[in-house]
Amino acid sequence: MNNHHIDLSKEIICQFPNGGKVVVYNSIDRTANDFLRIVTCAVFFAKQGKQVVLTPKFNSPLKSEQYREIYHSLAGTKYYGKCPDLCVDGVFYEHEGYAGCNPKRSFRNMCYHGLKQSNRIIIDDCGLTYGYMYRSILGRIERKENIAEVWVHSPSGLFMLFKAE
């Protein structure tokens, strides 16, 4: 067997009357600088009645039976072996924050890093116009990048920037 076990116990951190809820694996580092931003995104989806799970990170995912239990639906995709941040009704999303003072570079980096984890990403608002970001996403799609959804997380909430047809 392997020695890559992590704590797979979970905690429901919020529930809504419509059945939506946010579940967090207890192995997740709740002091991480992006934890609260990810929870805010999870709550947004849960308020719509969705089941949202904040998923754990694995140091050696492909050696872990636990990884296969949680991320089995990624098998056969280029994302197998990755650990996206959220699972919303069985679909994985990656959240990306940014650091730095160059908004265009921050946006490009968030897309680049996020799309390595999932074709559905949630990026933090870095101050660019929505038109600029949308055109940039369309350019990536023209270059044959696999993008299913892009959400923007801003102080006023979450909104969908792009969704593939």
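Note that this is a predicted model, so its numbers are computed, not measured. (Residues numbered from 1 in each chain as written. Predicted model: local features only at pLDDT ≥ 70, side-chain atom pairs only at ≥ 80, totals over all residues. Heavy atoms only, no water.)

Asker: Could you give an account of helix 4 (residues 130–142), naming the residues involved and the relevant values?
Answerer: It helps to recall that an α-helix has 3.6 residues per turn; residues three or four apart then point in one direction. The terminal C-alpha atoms of helix 4, which comprises 13 residues, lie 18 Å apart, in line with the 18 Å expected from a rise of 1.5 Å per residue. Burial in helix 4 covers these residues: Met133, Ile137, Gly139 and Arg140. Down the axis, helix 4 shows its buried residues gathered within 155° of arc, on one side only. Seen from the open side of helix 4, the exposed residues pointing more than 90 degrees away from its buried face are Arg135 and Glu142. Buried residues belonging to helix 4 abut helix 3 (103–117), strand 6 (120–124), strand 7 (149–154) and strand 8 (157–163). In the segment just after helix 4, Lys144 is the residue with positive phi, at about 70°. (Helix = DSSP H or I, 4+ residues; strand = E, 2+ residues; numbered from the N terminus. Expected span 1.5 Å × (residues − 1). Buried < 20%, exposed > 50% of the residue type's maximum accessible area, 1.4 Å probe, protein only. Arc of directions from axis to C-beta. Contact = heavy atoms within 4.5 Å.)

Asker: Pulling in residues and values, what's your account of the sheet that holds strand 2 (residues 21–25)?
Answerer: Read from one edge to the other, the open sheet built from 8 strands follows the order 1-2-3-4-5-6-7-8, with strand pairing classed as mixed. Strand pairing shows two members of the sheet lacking a second neighbour, strand 1 (10–15) and strand 8, which therefore form its edges. Pairwise comparison of adjacent strand axes, ignoring direction, gives a mean angle of 25° for this sheet. As paired elements, strand 1 and strand 2 share 5 bridges and run antiparallel to each other. In the sheet register, Lys10 faces strand 2, and the bridge partner there is Tyr25. Of the strands in this sheet, strand 1, strand 2, strand 3 (51–54), strand 4 (86–88), strand 5 (91–96), strand 6, strand 7 and strand 8 are in contact with helix 1 (residues 35–46), which crosses strand 3 at around 165°. (Pairing = 2+ DSSP bridges. Axes fitted to C-alpha atoms, helices over the stretch in contact; angles between N-to-C directions.)

Asker: Describe the packing of aromatic side chains, listing the residues and the values that go with them.
Answerer: Within the structure shown, the criterion is met by 12 aromatic pairs. Centroid distance Tyr67 to Tyr80: 5.4 Å. Interplanar angle 70°. Geometry classified as edge-to-face. Linking Tyr67 in helix 2 (residues 65–71) with Tyr80 in the loop between helix 2 and strand 4, this pair joins segments that are 13 residues apart in sequence. For Tyr80, a relative accessible area of 25% corresponds to the partly exposed category. (Phe/Tyr/Trp six-rings, centres within 6.5 Å; stacked < 30°, edge-to-face > 60°.)

Asker: Before we move on, could you go through unusual backbone geometry and cite the residues and values that matter?
Answerer: Non-glycine residue Asp89 carries a positive phi angle of around 50°. Inspection of the secondary structure puts Asp89 in the loop between strand 4 and strand 5. Of note in this structure, Lys144 is not a glycine but carries a positive phi near 70°. Residue placement: Lys144 occurs in the loop between helix 4 and strand 7. A relative accessible area of 73% places Lys144 in the exposed class.

Asker: I'd like a description of helix 1, backed by residues and values.
Answerer: Taking 1.5 Å as the rise per residue, helix 1 with 12 residues should run 16 Å; its terminal C-alpha atoms sit 16 Å apart, in good agreement. Regarding helix 1, the residues found buried are Phe35, Ile38, Val39, Cys41, Ala42, Val43, Phe45 and Ala46.

Function-wise, these values are silent; they only describe arrangement.
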